[in-house]
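So you can see what is in the structure, the chains are spelled out below.
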Amino acid sequence: MGDNEIGDEEDLSRVKSDVGRWHVFYYGVGHMLNDITSSCWFTYLLLFLADIGLSPRDAAIVMLSGQIADGFATVFTGELIDRFGHFKVWHGAGSVLVAVSFSSVFGGCLPCRIFSTSSVVETTSYSVAAAIFNMGWAAAQVSHMAMVNCISLNSTSRVVLTSCRNAFTMVANLSLYAIALVVFSVITGKSHADIQNQYRWIAYSSIFIGCCFVGIFHYGTKEPRLKMSIHGNDHMRISWAYWFKKALYYQVGIVYVLTRLVQNVSQAYLAFYVIQDLHMAQSAKALVPAIIYISSFVVSIMMQEVSWTGQRLKAYFSIGGILWVFCGASIILLPSNMKVYMYVISAFIGVANALMMVTAVSMQSVLVGLDLNGCAFVYGSLSFLDKISCGIALYVLQSFQSGASPVAPAADGGLSSSGYVSVTRYGLGLVPAVSSLVGVGVTLTMKLHTHSGSLTKPLLE
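If you're wondering where the values come from, they're calculated on a predicted model, not measured in any experiment.

Which residues make up the side chain of Ser346, and what are the values?
On the secondary structure map, Ser346 appears in helix α15 (residues 342-368). A relative accessible area of 0% means that Ser346 is categorised as buried. A polar contact is formed between the side chain of Ser346 and the backbone oxygen of Tyr343, at a distance of 2.6 Å. Beyond its immediate chain neighbours, meaning those up to four positions away, Ser346 contacts Val288, Ile291, Ile292 and Ser295.

Kindly report on the nonpolar core, identifying the contributing residues and their values.
As a rule of thumb, nonpolar side chains are buried together in soluble globular proteins. The biggest cluster of nonpolar side chains holds 126 residues, and the ones touching the most others in it are Tyr44, Leu49, Phe106, Tyr199, Ile202 and Met342. Look past the residues within four positions of Ile202 in its chain and what remains in contact with it is Cys40, Leu176, Ile179, Ala180, Val183 and Phe184.

Kindly report on the environment of Thr124, identifying the contributing residues and their values.
Tracing the sequence through the fold places Thr124 in helix α7 (residues 119-151). It is 9.3 Å that separates the C-alpha atoms of Thr124 and Asp58, two residues lying 66 residues apart in sequence.

Tell me about unusual backbone geometry, residues and numbers included.
Not every positive phi belongs to a glycine, and His279 is a case in point at roughly 55 degrees. Here His279 lies in the loop between α12 (247-277) and α13 (284-303).

Residue-level account of a nonpolar patch on the surface, with values.
Together, Met338, Val340, Tyr341, Val344 and Phe348 line one region of the surface with nonpolar side chains, adding up to about 480 Å² of accessible area. Along the polypeptide, Phe348 turns up in helix α15. On the basis of relative accessibility, which here comes to 42%, the residue Phe348 falls in the partly exposed class.

Explain the packing of aromatic side chains to me, and be specific about the residues and the numbers.
Enumeration according to the criterion identifies 19 aromatic pairs in this entry. The interplanar angle of 80 degrees and the centroid separation of 6.5 Å between the aromatic rings of Tyr26 and Tyr219 together place this pair among those described as edge-to-face. On the criterion of sequence distance, the pair formed by Tyr26 in helix α2 (residues 21-28) and Tyr219 in helix α9 (residues 192-220) is long-range, its members being 193 residues apart. A relative accessible area of 18% means that Tyr26 is categorised as buried. Measuring from ring centre to ring centre gives 6.2 Å for Tyr44 and Tyr177, while their planes differ by 75 degrees; the resulting arrangement is edge-to-face. Remark: Tyr177 occurs in helix α8 (residues 155-186) and Tyr44 occurs in helix α3 (residues 32-51); sequence separation between them is 133 residues. For Tyr44, a relative accessible area of 0% translates into the label buried. Among the residues examined, Tyr177 registers a relative accessible area of 2% and is labelled buried.

Calculation rules
Residue positions are given per chain, counted from 1 along the sequence in the order it is written. Local features are withheld for residues below a pLDDT of 70 in this predicted model, meaning they are given only at 70 or higher, and side-chain atom pairs are given and counted only at 80 or more; totals for whole chains, interfaces and linings count all residues. Hydrogens are left out, water is left out, and the side-chain values use all remaining heavy atoms of the structure. The helix count covers DSSP runs of H or I at least four residues long, the strand count covers runs of E at least two residues long, and both are numbered beginning at the N terminus. Partly exposed residues are those whose accessible area sits between 20% and 50% of the maximum for their type, while under 20% is buried and over 50% is exposed, using a 1.4 Å probe and protein chains only. In the analysis that follows, any N or O atom pair within 3.5 Å is treated as a polar contact, provided that within protein one partner can donate a hydrogen and the other can accept it, and provided that, for residues neighboring in sequence, both atoms belong to side chains. Should any heavy atoms of two residues lie within 4.5 Å, those residues are considered in contact. Grouping buried Ala, Val, Leu, Ile, Met, Phe, Trp, Tyr and Cys residues that are joined through side-chain atoms within 4.5 Å yields what is termed a nonpolar core. Like charges within 9 Å and nonpolar side chains (Val, Leu, Ile, Met, Phe, Trp, Tyr) within 5 Å are joined into patches, using only residues over 30% in relative accessible area that form no salt bridge. Per-residue and other accessible areas were derived by the Shrake-Rupley procedure at a 1.4 Å probe size, with only the shown protein chains allowed to occlude residues. What counts as a salt bridge is simple: a side-chain nitrogen of Lys or Arg found within 4 Å of a carboxyl oxygen of Asp or Glu. Paired rings are identified among Phe, Tyr and Trp, the last through its six-membered ring, by centres lying within 6.5 Å, and are further divided according to the angle between planes into stacked (under 30 degrees), edge-to-face (over 60) and tilted (the rest).

The structure is reproduced here in structure tokens:
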């Protein structure tokens, strides 16, 4: 037996075993820059654009342009990773682009200072900055997600890596809202310049924190060699048609897209809801999301202690989906005089988000299995559908928002005297609830087969 074959067998044996705690940690922090900037993007972008004077439709165009650029970039990046590998190179390049471009999204309209301050120039400027940011974001996301399957063949280890990644997503979001709470308390947004200054400080602080963790990831994570170890030829790749013939690809795709739709749409309208519908204090823009991510963080850590099978993935996702249905109904019906209960609802939303996201991403790993030379395409193509569907959903909701006339709340603190339900309530309550319900229905039809030899005990003991 040759030395290369011995090395290949050693690599294969290693990746079938459990992944150590430090390797889990180093991998988990690798998406922090993407997560903290994404949280700022979905939580504050529409609010920021509305505060500086853009119409809801123009704000939706900015959001949609970024989502479309992100969607196409994920497919392009996934194809190149499957062909040439080098996960860390793509991750590093994408992270650099994110760090450089994100400040422009919240940094004001530079062309407006040079040419004019027309709405067309302003919308175009923010749309271009959003597109550049999202292309870098896509490269970092696809490379980081696809890396899981090449780090380990152990099904439980893959879920634990995903769970750790999700836990640090919560850390990133909490960091953002801590920064936002301080900034909104210290800097008063009385003018357009003050508002831009607020969000500029939030953006710069987010970039700094995220870049620190990207450095830790690249220091502690080695480039996966599993593709070569299993296939013997890193240029062997699986065609797209292979995945399109698998029913599980469409099932997992629907579940993942709906899960991302739940989280992104709800996050985009949360700040609007607590301020405009419930009339809570300005600090609620940071406190309510913080509660969501604290509960998500706790659940994500607890999920690392579970031995995972296909049935458990389906069961945990279903629990999270049903929980979101009840939360969505509560959001639609909650009157402003009972706004204190939003803090309770937000805790349950956090639990539901963690259960759904960890299991939905882990289902992608089950779909990939040992077909590692096509894993980046799977993540890229499903992310493409995620970004496009989310962009269209937000555009449609914002279009209705621009055509809706504001209705004053009823004197008793109810929804309104005419029974009017705002578009914000539909965006935060109805859309996630329906998406969760459909996702649960699709999940129940899946046949998930995990690798049996590795599911005898939890990874972290």
